[in-house]
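Descriptive analysis of the structure
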Amino acid sequence: MKTVRVLFVCLGNICRSPLAEGVLRELASRKGLSPVLTVDSAGTGAWHVGDPPDRRSIEAARRHGIDISQLRGRRVAAADFSDFDLILGMDENNVGTLKRLAPEGTAAKVHLFLDYASGDGQDVPDPYYEGPEAFEALYQMLEAGCSSLLERLGERAS
Ligand code: 4NP
């Protein structure tokens, strides 16, 4: 499998995309695919630059044996559109922002995460204003999506 560089993007880079980053990294590691996969995450907004992930995302990851506490928020940058092969927005709002930011010739790298992973056009909903149970549902959605994404990347490479 050729190396694939994946960037997950949400609004704040503290709830959804860092959890997706941790989940994909873990699933890839379990399948021995770490050497051929680069994963990162970023936000379209700048409110949480330098912050650790939301405590509820850290806890959801920890319940499933994944540590994302060392990750720090950052904003999407122009260089990301050349540094990554796939730029996966968590919801249609993120995808719209990314397409507007994309330098010429790079917009084709931008996709809605679950649509690219499994052909399912659903958004990963923003859990920021929800209760803790929304974060377990978020984890489950991301795990299923990341598992499909790895299968798709494997098919693409073979
Ligand atoms: P995220 O959630 O996009 O999944 O990281 C949010 C986090 C923070 C804010 C919005 C969404 N905020 O408005 O600060």
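Note that the structure is a prediction, hence the values are computed from the model and not measured. (Residues numbered from 1 in each chain as written. Predicted model: local features only at pLDDT ≥ 70, side-chain atom pairs only at ≥ 80, totals over all residues. Heavy atoms only, no water.)

Some details on the overall build of the protein chain
Regarding its fold elements, the protein chain presents six helices and four strands. Each helix and strand of the protein chain, placed in order from N terminus to C terminus, yields the pattern β-α-β-α-α-β-α-β-α-α. In terms of principal-axis extent, the alpha carbons of the protein chain reach across some 40 × 35 × 30 Å. Per-residue burial over the protein chain gives 50% buried out of 158 residues. Summarising the internal contacts of the protein chain: among those between residues at least 6 apart in sequence, 73% fall at separations of at least 24. Per element, the accessible surface of the protein chain, about 7500 Å² overall, is 50% carbon and sulfur. (Helix = DSSP H or I, 4+ residues; strand = E, 2+ residues; numbered from the N terminus. Buried < 20%, exposed > 50% of the residue type's maximum accessible area, 1.4 Å probe, protein only. Contact = heavy atoms within 4.5 Å. Areas by Shrake-Rupley, 256 points an atom, 1.4 Å probe, with all protein chains shown as cover.)

Comments concerning the pairing of strand β2 (residues 37-43)
A large share of β2 lies buried, amounting to five of its seven residues. With seven bridges connecting them, strand β1 (residues 4-10) and β2 associate as parallel partners. Counted as the bridge partner of phenylalanine 8 is serine 41 from β2. The handedness of the β1 to β2 crossover, carried by helix α1 (residues 16-30), is right-handed. (Pairing = 2+ DSSP bridges. Right-handed = clockwise from strand over helix to strand, strands pointing away.)

A closer look at unusual backbone geometry
The backbone of asparagine 13 sits at a positive phi, close to 60°, despite the residue not being glycine. Inspection of the secondary structure puts asparagine 13 in the loop between β1 and α1. Residue class for asparagine 13 comes out buried when judged on its relative accessible area of 2%.

As for helix α2 (residues 55-63)
Within the span of α2, buried status applies to Arg56, Ser57, Ile58, Ala60 and Ala61. By the N-cap criterion, in which a side-chain oxygen at the helix start approaches the backbone nitrogen of a residue two or three places on, α2 is capped by aspartate 54, the distance to arginine 56 being 2.8 Å. (Polar contact = N/O pair within 3.5 Å; in protein donor to acceptor, adjacent residues only side chain to side chain.)

What to know about the nonpolar core
Ranked by internal contacts, the top residues of the largest apolar core, which has 40 residues, are Val6, Phe8, Leu19, Leu24, Leu37, Phe113 and Leu149. Those elements that place two or more of their residues in this core are β1, α1, β2, α2, β3 (86-89), α5 (113-118) and α6 (133-157). A total of ten residues in this core trace back to one element, the largest contributor, which is α6. In this structure, Val9, Leu98, Ala102 and Val110 belong to the second largest nonpolar core, which totals twelve residues. (Core = buried A, V, L, I, M, F, W, Y, C linked by side-chain atoms within 4.5 Å.)

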